[in-house]
Amino acid sequence: GPKISQAELLTQKITTGSLGAGQGNVVRVLGVAQKKTYVPAGVGKWWPPLSLLHLSPCRLVQKAELVRLSQTLSLVPRLHWLLVEDAEGPTPLVSGLLAASGLLFTHLAVLTPKAQRLREGEPGWVRPRGVEQRNRALDWLRSGGGAVGGEKDPPPPGTQGVVYFADDDNTYSRELFEEMRWTRGVSVWPVGLVGGLRFEGPRVQDGRVVGFHTAWEPNRPFPVDMAGFAIALSLLLAKPNARFDATAPRGHLESSLLSHLVDPKDLEPRAANCTRVLVWHTRTEKPKMKQEEQLQRQGHGSDPAVEV
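What you see is a predicted model; the values in this text were computed from it and never measured.

Draft legend 1. Local environment of the overall build of the protein chain. Within the protein chain, the regular secondary structure consists of 10 helices and 13 strands. When contacts within the protein chain are restricted to residue pairs at least 6 apart in sequence, those whose partners lie at least 24 apart make up 72%. Looking at the protein chain as shown, the accessible area adds up to about 16,500 Å², and 53% of this sits on carbon and sulfur atoms.

Draft legend 2. Quick peek at the packing of helix H3 (residues 62-73) against helix H4 (residues 92-100). The geometry of H3 relative to H4 is characterised by a closest axis approach of 11 Å and an angle of 15° between their N-to-C directions. By the angle between their directions, the pair H3 and H4 is classed as roughly parallel. Classified by chirality, the crossing of H4 by H3 is right-handed. Of the residues in H4, those in contact with Gln62, Lys63, Leu66, Val67 and Ser70 of H3 are Leu93, Val94 and Leu97.

Draft legend 3. Region of the structure containing the sheet that holds strand S3 (residues 104-109). Pairing in this open sheet of eight strands is mixed, and the strands run S4-S3-S2-S1-S5-S11-S7-S12 from one edge to the other. Each of the sheet's edge strands pairs with one partner strand only, and the pair in question is strand S4 (149-150) and strand S12 (268-269). Relative to strand S2 (residues 79-85), strand S1 (residues 50-56) runs parallel, the two sharing seven bridges. Within S2, the residue paired with Leu50 across the bridge is Leu79. Relative to S2, H3 is tilted by about 165°, and along the sheet it contacts S1 and S2. On top of the sheet, helix H5 (residues 131-143) reaches S1, S2, S3 and strand S5 (162-166); it is set at about 135° to S2, its chief contact.

Cut-offs used in this document
Residues numbered from 1 in each chain as written. Predicted model: local features only at pLDDT ≥ 70, side-chain atom pairs only at ≥ 80, totals over all residues. Heavy atoms only, no water. Helix = DSSP H or I, 4+ residues; strand = E, 2+ residues; numbered from the N terminus. Contact = heavy atoms within 4.5 Å. Areas by Shrake-Rupley, 256 points an atom, 1.4 Å probe, with all protein chains shown as cover. Axes fitted to C-alpha atoms, helices over the stretch in contact; angles between N-to-C directions. Parallel < 35°, antiparallel > 145°, perpendicular 65-115°, else oblique. Left-handed = near helix turned anticlockwise from the far one by under 90°. Pairing = 2+ DSSP bridges.

Below is the structure:
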């Protein structure tokens, strides 16, 4: 039969999932910036790039969550990680982790206004979280400016890409990123372990979204979780006033953005017509520090110079 080039053979193996354990690094290199230069000709260059927008609040588990997320992202080809710290400026912990990740990234920082911060003892659902950080990332995609690390310039006009809002404590399948890569407007899929249900997500009939499987306020304009949709970059750029609303009622933060972008009937179902769960709304347990506090009172606390 006709001869098949190494690039064509690798493309077939990527498509069929038949790469052996020893070849996995060839796929991963497509998502690495400046670290390795070998990319087989014709492989991966035609895949639309993904921009992953991610806010990072300062808390004790911050580094652990960022390490876990960055190692998942290292498996995703053609990905640009936009990380927005909830801080007045970049912190050494996050700057160092991004620099060591090998990923193409942009580092931004904006502090949540005091009026929007949770007060002591308030449950997490009382106030919308991450509004300032997500909007800062949208501003950067549209006009650039303010990057404190990594890639300083936004994608040039005409760039075809997809934007996704990630959380550092969610669990992601690699398949999810390939499902969203072909988004033309706004694509959607189920999210596991959320809303008090095994999963929430769109109901699909004949390839179209006809409703949503959800228990809490099902009449919301878009009863979806932040992890359950992606948006074409071209659509976001064409709608410069589309932003998250910090005054949105509980559970309506997603709707405050999506209502400016798409009609529910035009949502694009992914993940086998929304029958497969590829992202889970897992949560990192808050560490109990009673013993640490006791040792600190005795003057024997853990060495603060050790980064955790």
